[in-house]
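Each chain is listed here by its residues.
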Amino acid sequence: MQESQSYTRERGPAILAAKGVTVRVPLVAGNWKMNKTPSETEAFLTPFLPLVLQAKPEILLIPAFPSLDRAGRILRGTRIRLGAQDLHVEPRGAFTGAVSAEMLVDCGCHYVLVGHSERRHVFGEPDELVRRKLEAAFAGGLRPILCVGETIAERRAGKTESVLRIQLDAGLSGLSTRLLPDVVIAYEPVWAIGTGETATTEQAQDAAAWIRGWLHREVGSSAGEPIRILYGGSVKPDNAAELLALPDVDGALVGGASLDPKGFAQIVAGAPT
Ligand code: PEP
C-alpha cells in the first residue's frame, strides 16, 4: 500500500508527550486563498525561508492548488509544511475540476483545510460534506484542519456555542481515537475573517476553552487533549502575540496577513516558545 493511501502518524511534530504531559506544538498557518501564482509563490518563499529558519512553531503554508507543486519542491527538506485549501471526497474519477487527497500528498502536502468559512458560506458546503472531506483527508494521508465558527448574526443571537457544537458534532463525533489527536481545529468567527475586525482576546479564549471542554466531554481527554485549537480572523503582526499567548489557543490560521513574507514571519515570531 502506498503511503498516500493510508494515514500515518509520522507526518508532523505536533505532539510531544513527555512524562505523561501533552505539549501541543504551536502551529502558525497561512491560508493564501485565491492569491499568488506559482511564480509569486516562489517570490514569497525566497525572502521568507531565511526569516523563519530559527522559528520554534510548526509553520504551514496553504497556497492555491496551482502553486502546490512549486511550493512543495522548494519546501522539501525544510521544516515548513505545506497544506491545501480543499479536497474532493473521492480518491479519483469523473469529477471535473476536483482535486484528490492523493494528488495533494504527491505535491508535498501534509495538511488540508476542511470546512473553511468561505467553503461553507460562499460555496454552500454543509456539515455532512465537511465530515466526508475530513474522512477523505485521513484516508488519503493528510491531516485535516477543521474550521468552525459562527456568523455575526449567530453571535448576536447568543448562538455561538450551539453553532460550534453542531459543527464539532458533525465533524468529529465517532471518529476513531487513533485519528483524533491529529485533527487540528481552527476557531474562525466568520465576522472576523477578512474584515479587519479581530475577536478580542477574551472572545478568542472563551471559544477555544469551550471547544477544549467539548473535546474533553465528547471524545475524552486522551484523544482530545493533544488536538490543537487555532484562532483565525484578521490575525496581524500587531495582534498575533497576544492571541497566540492565550491558554487554549495553540496557534493561528492567518489569511491576508500571511501574503507578505516579512509580516507573516513577524506573526510566526509572536508564537510562544
Ligand atoms: C482565513 O482565511 O482563514 C482568515 C482567517 O483570513 P484573514 O486572516 O484574512 O481574516
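Residues numbered from 1 in each chain as written. Predicted model: local features only at pLDDT ≥ 70, side-chain atom pairs only at ≥ 80, totals over all residues. Heavy atoms only, no water.

A. Structural detail: the sheet that holds strand 7 (residues 143-148). The strand order around the closed barrel built from eight strands is 3-4-5-6-7-8-9-10, with neighbouring strands paired in parallel fashion. Neighbouring strand axes in the sheet, compared pairwise and without regard to direction, differ in orientation by 25° on average. The pairing of strand 6 (residues 109-114) with strand 7 spans four bridges and is classified as parallel. Counted as the bridge partner of leucine 113 is isoleucine 145 from strand 7. Seen against the sheet, helix 2 (residues 65-75) touches strand 4 (58-62), strand 5 (80-84) and strand 6 and runs at an angle of roughly 165° to strand 5. With respect to the sheet, helix 11 (residues 261-269) is in contact with strand 3 (27-31), strand 4 and strand 10 (251-254), its orientation differing from that of strand 3 by roughly 155°. (Pairing = 2+ DSSP bridges. Helix = DSSP H or I, 4+ residues; strand = E, 2+ residues; numbered from the N terminus. Axes fitted to C-alpha atoms, helices over the stretch in contact; angles between N-to-C directions. Contact = heavy atoms within 4.5 Å.)

B. Main features of the site of the ligand. With respect to spatial proximity, 14 residues lie near the ligand, and among them Lys33, Glu188, Gly194, Ser234 and Gly255 are the closest. In this structure, an oxygen atom belonging to the ligand sits 3.1 Å away from a side-chain N or O atom of asparagine 31. Contact distances for the ligand include 2.8 Å between an oxygen atom and a backbone N or O atom of serine 234. When the free accessible area of the ligand is taken as 290 Å², the share hidden by the protein chains comes to 96%. Grouping the amino acids of the shell around the ligand by side-chain chemistry returns four nonpolar, eight polar and two charged. (Near = heavy atom within 4 Å. Polar contact = N/O pair within 3.5 Å; in protein donor to acceptor, adjacent residues only side chain to side chain. Areas by Shrake-Rupley, 256 points an atom, 1.4 Å probe, with all protein chains shown as cover. Nonpolar A, V, L, I, M, F, W, Y, C, P; charged D, E, K, R; others polar.)

C. Layout of the nonpolar core. Ranked by size, the top nonpolar core spans 71 residues in total, and within it Phe48, Leu172, Ile211 and Phe264 carry the most contacts. Of the residues forming this core, the biggest block, seven residues, is contributed by helix 8 (residues 201-218). Sequence-distant contacts of phenylalanine 48, defined by excluding residues within four places in its chain, comprise Ile59, Leu61, Ile80, Pro261, Phe264 and Ala265. In this structure, Ile62, Leu113, Ile145 and Cys147 belong to the second largest nonpolar core, which totals twelve residues. (Core = buried A, V, L, I, M, F, W, Y, C linked by side-chain atoms within 4.5 Å. Buried < 20%, exposed > 50% of the residue type's maximum accessible area, 1.4 Å probe, protein only.)

D. View of the side chain of arginine 212. Inspection of the secondary structure assignment puts arginine 212 in helix 8. If we skip the residues at most four places from it in the chain, arginine 212 touches Arg24, Gly224, Glu225, Ile227, Ile229, Asp248 and Asp250.

E. Quick peek at the packing of helix 1 (residues 38-51) against helix 2. Look at helix 1 against helix 2: their axes get within 9 Å of each other, and the N-to-C directions meet at 30°. With respect to helix 2, the element helix 1 is oriented roughly parallel. When the axes of helix 1 and helix 2 are compared, the crossing they make is right-handed. Contacts from Pro38, Ser39, Thr41, Glu42, Leu45 and Leu49 in helix 1 reach Pro66, Ser67, Arg70, Ala71, Ile74 and Leu75 in helix 2. Per-class residue counts for the contact of helix 1 with helix 2 are seven nonpolar, three polar and two charged. (Parallel < 35°, antiparallel > 145°, perpendicular 65-115°, else oblique. Left-handed = near helix turned anticlockwise from the far one by under 90°.)

F. The arrangement of helix 5 (residues 127-140) in detail. Spanning 14 residues, helix 5 covers 20 Å between terminal C-alpha atoms, matching the ideal 20 Å at 1.5 Å per step. Among the residues making up helix 5, those that are buried are Val130, Arg131, Lys133, Leu134, Ala136, Ala137, Phe138 and Gly140. Summarising the contacts, the buried residues of helix 5 are in contact with helix 3 (101-106), strand 6, helix 4 (117-121), strand 7 and helix 7 (160-172). Immediately downstream of helix 5, the backbone of glycine 141 shows phi near 95°, a positive value. (Expected span 1.5 Å × (residues − 1).)

G. The arrangement of the side chain of glutamate 125 in detail. Examined against the element boundaries, glutamate 125 turns out to sit in the loop between helix 4 and helix 5. Judged by relative accessible area, which is 7%, glutamate 125 ranks as buried. Of the polar contacts made by the side chain of glutamate 125, one reaches the side chain of arginine 119; its length is 3.0 Å.

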